[in-house]
Structures are given as structure tokens and as C-alpha cells.
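# Notes for the structure review
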Amino acid sequence: MKTLLLALTVLQSLFATLDQKIFQSDITLSVSEMQSQPISYSGKFTMQGEKFLVDIFNIHAAYDGSTLYVFSPDDDELTLSRPTKQQLYENNPLLFAKAMADACNITERTNQDGSFTVVLTPKDRSLGIDRITVRLDAAKMPMSVEMKEGKKTTTLRFRNAKFIAKAPAFVLRPAVTTFVNDIR
């Protein structure tokens, strides 16, 4: 029971901090199937609560609390939508881990270097997710989120993570020539 209380405390502390402060980090997203070489993409990530900005593999996305903005420079197209919770979780693994916490068994381990490893294992195996592993440094700053789904593993690593003082707008503004696809 003590492990569960500590795990909830570590996760609750992380999520409470992310609700209040503006988190910013360089990221690397890696996807691998079985033992194959992972495909990795680098980018930037900023979030506060449910709001976020992400720039990765030539896609720019933002969520301002009601509208999801997705800009594809290759197509010069900005799509505006009212996302479902599932769509938000697909764009922000930290939100997904937060949403899954209540539906999971949670184990937590303090590592020798003072960092933490929190493993969320879904109680309902029909979700298709084997586990979500969240790694935090000793100051409870996110280091990575890894999701294992059968043979597929998706890992989001955070580098140069910090809290910043000024919040961005969490919106994307199109150029005059950009096609705007508003499906809200």
C-alpha cells in the first residue's frame, strides 16, 4: 500500500505541476516494432495543463483548451478542429498517462540516482496497452514516457526540460496564403 501511495504522490505531484507551470522541452519520439531499429523524430514541446504546442517531423500542432490546430507546411494547410479526448491523448502522451492513471495498477520505484520510474499497467487488458512507463528525474521533471502496445513501443524522451515563466498563445496563426480547413 505504501508503494501505491508513493506512486500516486509522485504522479499527482507531476500532474499538479504540469497544470500550474509551463513545461518546455526538446523531444525525441521513437517508434519501434518488436526488436527492429526504432524510427525517431526530434522536435520541441511546450505544455500547461491540457494546452500544448508541439513541433515534430514537419508537423506543427497546438491546443488552446478548445481548438486543435494542425499545420502541415508541405501542404500549406492549417486544420482547426474540436478534438475528442482520444485525439488529445494521441497528440500528448503526458495527458494520456494522466487519463490512464485511474484505470491502471501503479507501481513506483526510486532509482539509485534519486530518479523515479512509475509503471502504469491497465486493469482492463482489452485496451490493447500493456503498460505505460513514466520516468522522472529526482526533481520530478519528466525524462520520458514509454507506451508498450503488443509488439509496438512508442517512447517520448525529454531533453533540456525546464519550466518557463511566459506562456505561449497555444495557437497557430496561418499565413495569408495558407489554406484553412475549419472543421470545428
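Going by the structure above, here's the rest.
Model, not experiment: these values are computed from the prediction. (Residues numbered from 1 in each chain as written. Predicted model: local features only at pLDDT ≥ 70, side-chain atom pairs only at ≥ 80, totals over all residues. Heavy atoms only, no water.)

Here we come to the pattern of salt bridges. This model, assessed by the stated rule, comprises four salt bridges. For K98, the salt bridge goes to D19, with nearest N and O atoms at 3.2 Å. You can see K98 sitting in helix 3 (residues 93-100) and its partner D19 sitting in helix 1 (residues 2-20), a full 79 residues away along the chain. You can call K98 partly exposed: its relative accessible area is 35%. (Salt bridge = Lys/Arg side-chain N within 4 Å of Asp/Glu carboxyl O. Helix = DSSP H or I, 4+ residues; strand = E, 2+ residues; numbered from the N terminus. Buried < 20%, exposed > 50% of the residue type's maximum accessible area, 1.4 Å probe, protein only.)

Every buried residue belonging to helix 3 is among L94, L95, F96, A97 and M100, and all of these are buried. Its side-chain oxygen at 3.0 Å from the backbone nitrogen of L94, N92 defines the N-terminal cap of helix 3. (Polar contact = N/O pair within 3.5 Å; in protein donor to acceptor, adjacent residues only side chain to side chain.)

This brings us to the side chain of S32. Mapped onto the secondary structure, S32 falls in strand 1 (residues 22-33). Owing to a relative accessible area of 13%, S32 belongs among the buried residues under this scheme. Residues in contact with S32, not counting those within four places in the same chain, are P38, K151, K152 and T153. (Contact = heavy atoms within 4.5 Å.)

Space inside the largest pocket adds up to approximately 610 Å³. Lining the largest pocket we find 24 residues, and of these L29, Y89, E90, N91 and P93 sit closest to its centre. At the level of secondary structure, the elements contributing two or more residues to the lining of the largest pocket comprise strand 1, strand 3 (51-56), strand 4 (59-63), helix 2 (85-91), helix 3, strand 10 (142-149) and strand 11 (152-164). Its residues placed into classes, the lining of the largest pocket shows 17 nonpolar, three polar and four charged. (1 Å grid on protein atoms, 1.4 Å probe; cavity = no way out; pocket = protein on both sides within 12 Å on 5 of 7 lines; lining within 4 Å. Points joined across faces, edges and corners; volume = space filled by probe spheres on them. Nonpolar A, V, L, I, M, F, W, Y, C, P; charged D, E, K, R; others polar.)

The side chains of a regular strand alternate, residue by residue, between the two faces of the sheet. Pairing between strand 5 (residues 68-72) and strand 6 (residues 77-81): five bridges, direction antiparallel. Among the inter-strand pairings, S72 is bridged to a residue of strand 6, identified as E77. Connecting the antiparallel pair strand 5 and strand 6 is a turn made up of four residues, with D76 showing a positive phi of about 50°. When strand 6 meets strand 12 (residues 179-182), the two strands line up parallel, connected through four bridges. Paired with L80 across the strands is D182, a residue of strand 12. (Pairing = 2+ DSSP bridges.)

The next subject is the environment of P142. Topologically, P142 is positioned in strand 10. Taking relative accessible area as the criterion, P142 reaches 2% and is therefore assigned buried. Taking C-alpha positions, P142 is 21 Å from D130, a pair spaced twelve residues apart along the chain. Each residue touching P142, except ones within four places of it in the same chain, is listed here: L14, F23, R135, L136, F158 and A161.

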